[in-house]
Amino acid sequence: EVQVAEIERLANHAQVVLVGCKSELASQRRVPREEAEKLAQSRHLDYFESSAKEGYQVSEAFEALIYSVMSDIAPDSIAQMVITIAGVSSEVGVAVSCLSLAGVELASFLLDDDMRIYVLLTKLAGILGKPRCKLRLVLQSGAVVSREQFETRVADLLDITTA
């Protein structure tokens, strides 16, 4: 956490990916995986556990960093999966539907009352098997969901009243 704070202090707007190295040495681990994941989530960072020795998730970590940088400097130059999100409130809760540009439903699920955009994006990345950095959320209005909105409740962004 100290190193991430130092990066943020020294390099305003730096693109950061959190990487746990030497995953093959799990018995000698100094930081629990849950703690690293919690830090990554609190800072809106992609998190990877990697092993250069075994060739595990090394290129994925660099790809995530490259996509993050390119998203800032030339957002139209990289391929991303654009997902339209829409929601509806019912007696059982708020259901969100995630559609491809072609209108194909990619995922649909009930939201937790306090679910944030960042959590929704992370959940979608897991469902679709894509890095979070390659996904771009768009509202039905056509507005693109920005990083600044990651802490916003999904229901608030979709302007849906929850019970």
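An account of the accompanying structure is given in this report. Each chain carries its own residue numbering, running from 1 in the direction its sequence is written. Note on the predicted model: pLDDT of at least 70 is required for a residue's local features to be given, and 80 or more for side-chain atom pairs to be given and counted; whole-chain, interface and lining totals, by contrast, use all residues. Derived side-chain values reflect all non-hydrogen atoms in the structure, with water molecules and hydrogen atoms excluded from consideration.

Notes on the overall build of the chain
- Looking only at helices and strands, the chain has five helices and six strands in total.
- Secondary structure elements follow DSSP: runs of H or I no shorter than four residues count as helices, runs of E no shorter than two count as strands, and numbering proceeds from the N terminus. Start at the N end of the chain and walk to the C end: the helices and strands fall as α-β-α-β-α-β-β-β-α-β-α.
- Taken along its principal axes, the extent of the C-alpha atoms in the chain is 50 × 35 × 30 Å.
- For the exposure calls, accessible area comes from a 1.4 Å probe over protein chains only, and a residue counts as buried if that area is under 20% of its type's maximum, exposed if over 50%, partly exposed in between. Here the chain holds 163 residues, and 34% of them are scored as buried.
- Carbon and sulfur atoms form 53% of the exposed surface of the chain, whose accessible area is close to 10200 Å².
- Here the positive residues are Lys and Arg and the negative ones are Asp and Glu; neither His nor the chain ends is included. The atoms used to mark charge sites are NZ of Lys, CZ of Arg, CG of Asp and CD of Glu. Positive and negative side-chain charges in the chain, numbering 16 and 23 respectively, have mean positions lying 6 Å apart. Per-residue and other accessible areas were derived by the Shrake-Rupley procedure at a 1.4 Å probe size, with only the shown protein chains allowed to occlude residues.

A few points about the nonpolar core
- Among buried residues, the Ala, Val, Leu, Ile, Met, Phe, Trp, Tyr and Cys ones that are joined through side-chain atoms within 4.5 Å form a nonpolar core. The biggest cluster of nonpolar side chains holds 24 residues, and the ones touching the most others in it are Ile85, Phe109, Leu120, Leu124 and Leu137.
- Sorting the residues of this core by element identifies strand 3 (81-90), strand 4 (93-99), strand 5 (105-110), helix 4 (117-128), strand 6 (135-139) and helix 5 (154-157) as the ones contributing at least two each.
- In this structure Leu120 touches Ile85, Val96, Phe109, Met115, Leu137 and Val154, once residues within four positions along its chain are discounted.
- The next biggest cluster of nonpolar side chains, apart from the first, holds eight residues, and it includes Val4, Val16, Ala36 and Leu45. Any pair of residues with heavy atoms lying within 4.5 Å of one another is described as a contacting pair.

Brief notes about the packing of aromatic side chains
- Stacked, tilted and edge-to-face pairs are distinguished by plane angle, under 30 degrees for stacked and over 60 for edge-to-face with tilted covering the rest, among Phe, Tyr and Trp rings (Trp via its six-membered ring) whose centres lie within 6.5 Å. One pass over the structure, following the stated rule, counts one aromatic pair.
- Arranged with centres 6.0 Å apart and planes meeting at 55 degrees, the rings of Tyr118 and Phe150 form a pair that is tilted. Here Tyr118 is found in helix 4, whereas its partner Phe150 is found in the loop between strand 6 and helix 5, with 32 residues between them in sequence.
- Since its relative accessible area comes to 5%, Tyr118 is described here as buried.
- For Phe150, a relative accessible area of 7% gives the class buried.
- Across the ring face of Phe109, the terminal group of Lys123 is positioned such that the distance to the ring centre comes to 4.2 Å. The rule is short: NZ of Lys or CZ of Arg within 6 Å of the ring centre and within 35 degrees of the ring normal puts a charge over the ring.

What about the sheet that holds strand 6?
- Across the sheet, four strands lie side by side as 5-4-3-6; this open sheet has mixed pairing. Edge positions in the open sheet fall to strand 5 and strand 6, since each of these has one partner strand only. Strand-to-strand twist in this sheet, taken as the mean axis angle between neighbours without regard to direction, amounts to 25 degrees.
- At least two bridges found by DSSP between two strands is the condition for calling them paired. Pairing of strand 3 with strand 4 involves seven bridges; the strand directions are antiparallel. Each residue of the ladder has a partner; that of Ala86, found in strand 4, is Ser97. Simply put, an axis is a line fit to the C-alpha atoms, just over the touching stretch for a helix, and the angle between two N-to-C directions goes from 0 to 180 degrees.

Concerning the environment of Asp114
- With respect to the helices, strands and loops of the structure, Asp114 is situated in the loop between strand 5 and helix 4.
- Along the primary structure Asp114 and Val154 are separated by 40 residues, whereas in three dimensions their C-alpha atoms are 7.8 Å apart.
- Counted as a polar contact is a pair of N or O atoms within 3.5 Å, where, for protein atoms, one must be capable of donating a hydrogen and the other of accepting one, and residues adjacent in sequence contribute only when both atoms are in side chains. Separated by 3.1 Å, the side chains of Asp114 and Arg116 make a polar contact.

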